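# Examining the three-dimensional arrangement
Letter by letter, the chains look like this.
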Amino acid sequence: MGIGRRLARARFLDSASGEVCSSTATQAEAPLSGHVNTFVHSPASIRLENQVATKTMTAGLGGGVALEWFDWNVYGVMAAFLSPHFFPSSDPTTSLLAALAVYGAGFFARPLGAALLGPVADRISHKRVMMISVTAMALCSLLIALMPTYKDIGLTAPIVLLLLRLMQGLATGAEAGVANAIAIELAPPGKEGRYLGLIGGTFIQLGIFGSSMVAFLVSASVAPEVMREWAWRLPFAVGGVLGLLIIYLRSTLPETLINRAMHRDDELSRVQQTTGGIWKTLWNVRLSLLAVILVVGSVQIANYAWNTGLPNMANTVFKEDSTSVYGIMTLMLLVWMFAAPLVGAFADKVRPSRAFTLLRLLLIPCFFLTLIYSEKSISTFFLVTVFGGAIVGFNMALYNLIATTLMPRTVRTTGVALGYALGVSLFGGTSPYLLVWLQREHIAWMFPAYGSLVALLSVVVYQIAKRRGHVYIGG
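Residues numbered from 1 in each chain as written. Predicted model: local features only at pLDDT ≥ 70, side-chain atom pairs only at ≥ 80, totals over all residues. Heavy atoms only, no water.

### Quick word on the overall build of the protein
When helices and strands are tallied, the protein shows 19 helices and two strands. Counting across all 475 residues of the protein, residues that qualify as buried make up 58%. Across the protein, every contact between residues at least 6 apart in sequence was considered, and the portion connecting residues at least 24 apart equals 84%. (Helix = DSSP H or I, 4+ residues; strand = E, 2+ residues; numbered from the N terminus. Buried < 20%, exposed > 50% of the residue type's maximum accessible area, 1.4 Å probe, protein only. Contact = heavy atoms within 4.5 Å.)

Right, here's the structure in full:
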């Protein structure tokens, strides 16, 4: 449904430069009017208050996003080592596939978490949802680090492992929606791409990079048999301890800042009075929801193939040196981390829709690079991971911005969270399993064909949504 555009002057403080800027917003994004502030502040005090709030919000948002991805990715990175402890088998690939099945199952709890917690964030409290998310991630990681294995408690061990992953999925279901909805409000005018590249790109890659770096350092510091026996627990423990810091950062976030940023009064911006109102509005913008699912899902196929599928296949199927594998993964993620704001700035310059279309179409030939890595060769693994991974990383830097622009403010948290959760669950969570399984069944060509088809669909549906007026920011 198209929304007519009108000029609305809104003032923002650019936390990086300390300058006050003005922006143009759509009618659907118009600021709340008719309220008079009875408190008078000097320009210096206003500047300081906004700088502190913005930096604190950025640290809390970004830190929580990084922790979520650290804890989520560390399971995938360690799957090859934990799998024989929870799913013992004479065939290592069978054990790995069982561990990856639990990895995928955790994703299927995320849509339910988004459906339950998204409306709470949109109607009541973004801060409360963010605190639930980060606390659950930290606690579950600590429990995985400490829990007994199949050898100790039998079938109870894999069941508890599955329950912990499902709990993490439930609690983090709305995380992406909350973080992106707040980030788009805090972004300096004309720099939405760069700021979302920081929150939804650099901080995500910081979490993924951190998990690979910790795995690399642990693997390089202990003997291979020690790594297989118990040292695989250490990265989970690190994630739990880091969670304590993020819990503190998020506990200091003022809810009033979230209210001031998010609560507006027009049809597609006002806070819904009931959860039913949220779902009714979301149904009215269902084309946007489908676009979000595909925008997120197609890049997550590539993300989890490169971050989880390829390194686990290298470690388990081809028996590569694990320290070399983690070192190469770390290099790839460094490229992703530093490129994200640059890709966002590129989108600001050429328009997000054009940047998205170009980079998403480049992802299609990138998928076929996975066919090159068909036997043991660390040099081939390096080529596919670093050079192919660069295209994946560029897409990872942009997808959060595109998903956020597809939802009106009134349902932005719920819509982005639900679309994100469905996209990751349906496409991302199954990606490592499919990559390894199709390789074992000697039909590896089906994986890039599948990934390319979903990538193409994401572009087509996005362009249809854009033409029908369902891009609410930028475009």
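### What about the environment of Ile-402?
Locating Ile-402 in the fold gives a position in helix α16 (residues 378-405). On the basis of relative accessibility, which here comes to 0%, the residue Ile-402 falls in the buried class. With 55 residues separating them in the primary sequence, Ile-402 and Ala-347 have C-alpha atoms 10.0 Å apart. The contact partners of Ile-402, leaving out residues within four places of it in the chain, are Val-295, Pro-352, Phe-356 and Tyr-462.

### What about the pattern of salt bridges?
Using the criterion set out here, one finds two salt bridges in the structure. Its salt-bridge partner being Arg-110, residue Glu-68 comes within 2.4 Å of it at the nearest N-O pair. Pair noted here: Glu-68 is in helix α1 (residues 43-86) and Arg-110 is in helix α3 (residues 110-123), with a separation of 42 residues, a long-range link. Neither Glu-68 nor Arg-110 differs from the other in exposure class; each is buried. (Salt bridge = Lys/Arg side-chain N within 4 Å of Asp/Glu carboxyl O.)

### Quick notes on the nonpolar core
Grouped together as the largest cluster of nonpolar side chains are 132 residues, with contacts concentrated most on Met-78 and Trp-306. With 17 residues, helix α13 (residues 286-317) is the single largest residue contributor to this core. (Core = buried A, V, L, I, M, F, W, Y, C linked by side-chain atoms within 4.5 Å.)

### Comments concerning the packing of aromatic side chains
Here the structure, examined in full by the defined rule, presents 11 aromatic pairs. Between Trp-69 and Tyr-304, the ring centres sit 6.2 Å apart and the planes meet at 20 degrees, which makes this aromatic pair stacked. Note that Trp-69 is positioned in helix α1 and Tyr-304 in helix α13, a separation of 235 residues in sequence. Here Trp-69 and Tyr-304 have matching classes, each one buried. (Phe/Tyr/Trp six-rings, centres within 6.5 Å; stacked < 30°, edge-to-face > 60°.)

### Some words on a nonpolar patch on the surface
On the surface, Leu-331, Val-335, Ile-372, Phe-382, Leu-383 and Phe-387 cluster together into a nonpolar patch covering about 510 Å² of accessible area. Elements that contribute at least two residues to the nonpolar patch include exactly α14 (322-350) and α16. With three residues, the top contributor of residues to the nonpolar patch is α16. Assignment of secondary structure puts Leu-331 in helix α14. Under the relative-accessibility criterion, Leu-331 is labelled partly exposed at 37%. (Patch = residues over 30% accessible without salt bridge, like charges linked within 9 Å, V, L, I, M, F, W, Y side chains within 5 Å. Areas by Shrake-Rupley, 256 points an atom, 1.4 Å probe, with all protein chains shown as cover.)

### Quick look at the side chain of Thr-316
Along the chain, Thr-316 turns up in helix α13. Residue Thr-316 is classed as buried on the basis of its relative accessible area of 8%. In contact with Thr-316, not counting residues within four places along its chain, are Ala-80, Pro-92, Thr-93 and Leu-96.

### Notes on the packing of α3 against helix α17 (residues 412-428)
The contact between α3 and α17 brings their axes to 8 Å, and the two run at 170 degrees. On the basis of the axis angle, α3 is roughly antiparallel to α17. Contacts between α3 and α17 involve Arg-110, Pro-111, Ala-114, Gly-118, Pro-119, Ala-121 and Asp-122 from the first element and Arg-412, Thr-413, Thr-414, Ala-417, Leu-418, Tyr-420, Ala-421, Leu-422, Val-424 and Ser-425 from the second. (Axes fitted to C-alpha atoms, helices over the stretch in contact; angles between N-to-C directions. Parallel < 35°, antiparallel > 145°, perpendicular 65-115°, else oblique.)

### Digging into helix α6 (residues 156-171)
Three- or four-residue spacings in an α-helix give side chains the same orientation, since the helix completes a turn every 3.6 residues. The terminal C-alpha atoms of α6 lie 22 Å apart, and with 16 residues this matches the ideal 22 Å at 1.5 Å per residue to within 8%. Considered for burial, the residues of α6 that qualify are Ala-157, Pro-158, Leu-161, Leu-164, Arg-165, Gln-168, Gly-169 and Ala-171. (Expected span 1.5 Å × (residues − 1).)

### Concerning α16
Between its first and last C-alpha atoms α16 spans 40 Å; for 28 residues at 1.5 Å apiece the expected length is 40 Å, and the two agree. At Gly-389, α16 shows its largest kink, close to 40 degrees. (Bend = angle between axes of the 7 residues up to and from the residue.)

### Observations concerning the environment of Ser-322
Mapped onto the secondary structure, Ser-322 falls in helix α14. Judged by its relative accessible area of 17%, Ser-322 falls in the buried class. Put simply, Ser-322 and Ala-215 are 107 residues apart on the chain and 9.4 Å apart in space, counted from C-alpha to C-alpha.

### Digging into unusual backbone geometry
Although it is not a glycine, Arg-351 adopts a positive phi angle of roughly 90 degrees. Along the polypeptide, Arg-351 turns up in the loop between α14 and α15 (352-367).

### Describing the side chain of Arg-360
Mapped onto the elements of the fold, Arg-360 is located in helix α15. Buried charge Arg-360 goes without a salt bridge, the closest partner of opposite sign being Asp-348 at 16 Å. Among the polar contacts listed, one links the side chain of Arg-360 to the backbone oxygen of Val-295, at a separation of 3.0 Å. Side-chain polar atoms of Arg-360 contact the side chain of Ser-458, separated by 3.3 Å. (Lys, Arg positive; Asp, Glu negative; His and termini not counted. Polar contact = N/O pair within 3.5 Å; in protein donor to acceptor, adjacent residues only side chain to side chain.)

### Observations concerning the confidence of the model for the protein
The predicted model of the protein has a mean per-residue pLDDT of 81, with 83% of residues at 70 or higher. Of all helices and strands in the protein, the one with the weakest mean pLDDT is strand β1 (residues 9-13) (33), whereas helix α19 (residues 446-467) scores best (96). (pLDDT = per-residue confidence, 0-100.)

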